[in-house]
Amino acid sequence: MATASSIPSQELFDQLPKHLHWEAYNIYQWEGFWYPAAVIRGMLAFRSNYKARCDDVILASSLKTGTTWLKALCACIMDYHDDQLSSKNPHLVVKTLEYEFAGETLNPDDLSGMPSPRLFHTHLPYSALPESIKNSESKIVYITRNPSDTMVSGWHYFNKILRRNNQDPYPFEKEYNNFCAGVHSYGPFFDHVLRYWSESLKRPNKILFLKYEELKRDPKGQVKRLASFLGRPLAGEDEVDKVIWGSSFERLKNLEVNKNGELPFGNVPNSAFFRLGKVGDWENYFTAEMKQGLDEITRMKLEGSGLDFES
Ligand code: PAP
């Protein structure tokens, strides 16, 4: 197996464009996107070792766009008699593959021994996925969120996990500028979103494209759409309601495991994934100029794509 640690060397990273992320660690530009070194190693091991099955389901998202919610929703839909979420954080129920490969906590034998259908997640952009995922019948569900709320959510998250020792919060404006420039983990945000969007238009049976705001506005309609796409149509309104409640922010945030637990990698507190869970919190942080600036970038990037965001 090409292990995560065997590729690539630090010398190779030293030759890549790099950026000091949150005064904490470097992120590197690789094939057009920015990642920490461990994620690049994990991505390469994932690519060389993952063999997709036709009934795999891969959830995909950039950071802070609804990953935790989508993991919980799909866990409820695919496994709703066995409520794993009551005792496990959604990130342990549905694992993010490049992190597992980076930590060498998953190997090809574990993967091949898993019963079907397998449910996984990745933050990788479409272009970086293993060929076997792109070319097989396996399904992909992508979730995105309006860029302003995504940026604000990320600023809170990294303040919580990277600025623990009574440090001042990272300057909001700096993070805003990095986000707008696309220099952030798994960024540029718009390149990430647009490729999944265009693939979902080309192959709607392969890729389902969801928006955080639509899920908030019409949870019943979106949950039914998701369940049908996964080949698990829900029998009646009761089942739809069970999925909505089972994966809801209010329920998950208040579970003991998410109030006090920690993820095994990086000592990330589970509570860091449940902050506010609302649409429009950007209003409490952005100046009028900031909103105008990011809206203008959004308009330019999305022009002609048919995609839009609600904020
Ligand atoms: P990740 O990419 O690091 O896994 P992700 O789950 O995408 O993070 O983003 C976290 C955001 O989703 C948080 O948003 P906020 O900062 O604006 O509050 C978090 O509160 C929100 N979130 C987590 N779980 C749910 C849920 N079940 N329903 C709605 N929003 C949720």
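Please refer to the structure placed before this passage.
Keep in mind that what you see is a predicted model, and the values were worked out from it rather than measured. (Residues numbered from 1 in each chain as written. Predicted model: local features only at pLDDT ≥ 70, side-chain atom pairs only at ≥ 80, totals over all residues. Heavy atoms only, no water.)

Caption draft 1: The arrangement of the nonpolar core in detail. In this structure, Y35 and L226 are the most contacted members of the largest nonpolar core, which totals 96 residues. It is helix α3 (residues 67-78) that contributes the most residues to this core, nine residues altogether. Filtering out sequence-adjacent residues up to four positions away, L226 remains in contact with L70, L73, C74, I77, V141, L208 and L210. (Core = buried A, V, L, I, M, F, W, Y, C linked by side-chain atoms within 4.5 Å. Buried < 20%, exposed > 50% of the residue type's maximum accessible area, 1.4 Å probe, protein only. Helix = DSSP H or I, 4+ residues; strand = E, 2+ residues; numbered from the N terminus. Contact = heavy atoms within 4.5 Å.)

Caption draft 2: The arrangement of the side chain of N146 in detail. Secondary-structure assignment places N146 in the loop between β6 (139-144) and α8 (147-162). Within polar-contact distance, the side chain of N146 engages the backbone nitrogen of D149 at 2.8 Å. With residues up to four places along the chain from it excluded, the contact list for N146 reads E213, V279, W282, F309, E310 and S311. (Polar contact = N/O pair within 3.5 Å; in protein donor to acceptor, adjacent residues only side chain to side chain.)

Caption draft 3: Representation of the side chain of R163 in the model. Along the chain, the position of R163 falls in the loop between α8 and α9 (172-181). R163 sits in the buried class, given a relative accessible area of 12%. Here D168 takes part through its backbone oxygen, which lies 2.9 Å from a polar atom of the side chain of R163.

Caption draft 4: Broad picture of the sheet that holds strand β1 (residues 18-21). Sheet architecture is open: three strands sit in the order β1-β2-β3, paired in antiparallel fashion. Every interior strand has two partners, whereas the edge strands, β1 and β3 (33-36), have only one. Between one strand axis and the next, the sheet turns through 35° on average, direction left out of account. Bridge analysis of strand β2 (residues 25-30) against β3 gives four bridges, and the strand direction is antiparallel. Bridging from a neighbouring strand, I27 pairs with P36 of β3. Across the face of the sheet, helix α2 (residues 37-49) comes into contact with β2 and β3 while running at roughly 105° to β3. (Pairing = 2+ DSSP bridges. Axes fitted to C-alpha atoms, helices over the stretch in contact; angles between N-to-C directions.)

Caption draft 5: Quick peek at helix α13 (residues 237-246). Among the residues of α13, those classed as buried are E239, V240, V243 and G246. Looking down the long axis of α13, one finds its buried residues gathered within 135° of arc, a one-sided arrangement. The exposed set on the far side of α13, more than 90 degrees from its buried face, consists of D238 and W245. Buried residues along α13 sit against α3, α12 (219-229) and α14 (249-253). (Arc of directions from axis to C-beta.)

Caption draft 6: Here's a closer look at unusual backbone geometry. With an omega dihedral of -5°, the bond running from S116 to P117 counts as a cis peptide bond. Assignment of secondary structure puts P117 in the loop between α6 (108-113) and β5 (119-122). With an omega dihedral of 0°, the bond running from G187 to P188 counts as a cis peptide bond. Notably, W22 is not glycine yet its phi reads approximately 55°, a positive angle. Counting through the fold element by element, W22 comes out in the loop between β1 and β2. Phi at Y186 takes a positive value of approximately 70°, unusual for a residue other than glycine. Inspection of the secondary structure assignment puts Y186 in the loop between α9 and α10 (189-202).

Caption draft 7: The packing of aromatic side chains, seen in detail. Enumeration over the complete set of coordinates arrives at 24 aromatic pairs. With a centroid separation of 5.2 Å and 75° between ring planes, the pair formed by Y157 and F158 is classed as edge-to-face. Summarising the burial analysis for this pair, Y157 and F158 share the class buried. Three or more aromatic residues joined by ring pairs form one cluster here, namely W155, F172, Y176, W282, Y285 and F286. The ring of Y157 has K64 lying over it, and the distance from NZ or CZ to the ring centre is 3.4 Å. The lysine or arginine in question, R145, covers the ring of Y212, its NZ or CZ lying 4.1 Å from the ring centre. (Phe/Tyr/Trp six-rings, centres within 6.5 Å; stacked < 30°, edge-to-face > 60°. Lys NZ or Arg CZ within 6 Å of the ring centre and 35° of its normal.)

Caption draft 8: Looking closely at the pattern of salt bridges. What the rule picks out here adds up to 17 salt bridges. The partner of R47 in a salt bridge is E31, and the shortest N-O contact between them spans 3.1 Å. Taken together, the positions of R47 in helix α2 and E31 in the loop between β2 and β3 put the pair 16 residues apart, joining distant regions of the chain. For the salt bridge of R195 with E199, the shortest nitrogen-to-oxygen distance reads 3.2 Å. Of this pair, R195 and E199 both sit in helix α10, separated by four residues, roughly a single helical turn. The class of R195 is partly exposed, set by a relative accessible area of 35%. Look at E199 and you get buried, because its relative accessible area is 6%. (Salt bridge = Lys/Arg side-chain N within 4 Å of Asp/Glu carboxyl O.)

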